[in-house]
Amino acid sequence: MNKRSCSALLAAICAAAAFAASNPSTALDLIVIDAGHGGIDPGAVKGNVLEKDVNLDVAKRLNDYLQKHTTAHIVMTRTGDQTLSLAQRANIANNAQKPGMNGLFISLHCNSAYNRSARGIETYVHNNKASDARAARLARRENVGAQGNYSMILLDMNNKLHSARSNDLAKSVHTEIIKRAHAHDRRVRQAPFYVLFYSQMPSILVELGFLSNTTERNALQTAAYQQKLAEALGGGVIQFLSLTAR
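These lines cover the structure that appears in this document, whether it is placed above or below. Keep in mind that what you see is a predicted model, and the values were worked out from it rather than measured.

In this section: the pairing of strand β8 (residues 203-210). With eight of its eight residues buried, β8 lies for the most part within the structure. Across six bridges, the pairing between strand β5 (residues 103-111) and β8 is parallel. Looking at β8, one finds that phenylalanine 105 is bridged to serine 203. Bridge analysis of strand β6 (residues 121-126) against β8 gives three bridges, and the strand direction is antiparallel. In the sheet register, threonine 123 faces β8, and the bridge partner there is valine 206.

Okay, structure coming up:
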């Protein structure tokens, strides 16, 4: 990260902190849905199934669900097969969050592993120290192409500002998706994901299942399961709002 970008990010964090301190409302104004990969970046590929397509299909269904069940403004980082850098995704989220708005960022992905029996759903929040070695490897894979280095000072400020709500959001969403999708629980984890760090709002990344697992890959291709995932994700967001409003 260059000096100018670092200064701009510091200013954004300070402005957000000042607003949060003077406006403790938990009302939600913005939800950013990020369908991972896209365009020339297919993500995980297994047979004729491309991760980018599954991510987008679920993202569109989540958008429809949230449009019907919340009053928040919904922004999708991509609505088609566009190529977006990680920085562009974070910028879309940050530019959509106007002064005085409370927002959330949800990035959707699918997993893959050499072990074809690996299965289940895991939800991530940002932390510079990964929960485990596998989480660290996953973050490195998803961060491919990211530009700039982490600033430990800005990282610490960002974590303190958003970490509590990010964790609460992750727990609510993860609980709902495991319950409604009847999926194997791979827990809420932590890893240094670029898009979560640079999105200046509570942020989570959800791995919707393993394309390397035949059973999950087959399910992730179906409209019925995609809809179930979308409604579970949306239900988790609504549950999070009900908890924070108390």
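Picking up after the structure, the text goes on.
In terms of nonpolar packing, the biggest core is built from 41 residues, with Leu108 and Leu208 touching the most fellow members. Beyond its immediate sequence surroundings of up to four residues, leucine 208 is in contact with Val58, Leu108, His109, Cys110, Ile121, Ile177, Leu220, Leu229 and Leu233. Formed by 21 residues, the second largest nonpolar core is a distinct cluster that contains Ala93, Tyr124, Ala191 and Tyr194.

By the element assignment, asparagine 167 lies in helix α5 (residues 152-181). Among the residues examined, asparagine 167 registers a relative accessible area of 24% and is labelled partly exposed. On a C-alpha basis, the gap between asparagine 167 and valine 188 in space is 8.5 Å, while along the polypeptide they are 21 residues apart. Ignoring sequence-local partners within four residues, the contact set of asparagine 167 consists of Val125 and Gln190.

Tracing the chain through its elements places valine 188 in strand β7 (residues 185-191). Overall, valine 188 belongs to the partly exposed group, its relative accessible area being 31%. Put simply, valine 188 and serine 131 are 57 residues apart on the chain and 9.3 Å apart in space, counted from C-alpha to C-alpha. For valine 188, the residues in contact, after removing those within four places along its chain, are Thr123, Ala170, Lys171 and His174.

This part takes up helix α3 (residues 86-96). Considered for burial, the residues of α3 that qualify are Leu86, Arg89, Ala90, Ala93 and Ala96. Viewed end-on, α3 has its buried residues packed into an arc of 135°, placing them on one side of the element.

Criteria and thresholds
- Residues numbered from 1 in each chain as written.
- Predicted model: local features only at pLDDT ≥ 70, side-chain atom pairs only at ≥ 80, totals over all residues.
- Heavy atoms only, no water.
- Buried < 20%, exposed > 50% of the residue type's maximum accessible area, 1.4 Å probe, protein only.
- Helix = DSSP H or I, 4+ residues; strand = E, 2+ residues; numbered from the N terminus.
- Pairing = 2+ DSSP bridges.
- Core = buried A, V, L, I, M, F, W, Y, C linked by side-chain atoms within 4.5 Å.
- Contact = heavy atoms within 4.5 Å.
- Arc of directions from axis to C-beta.

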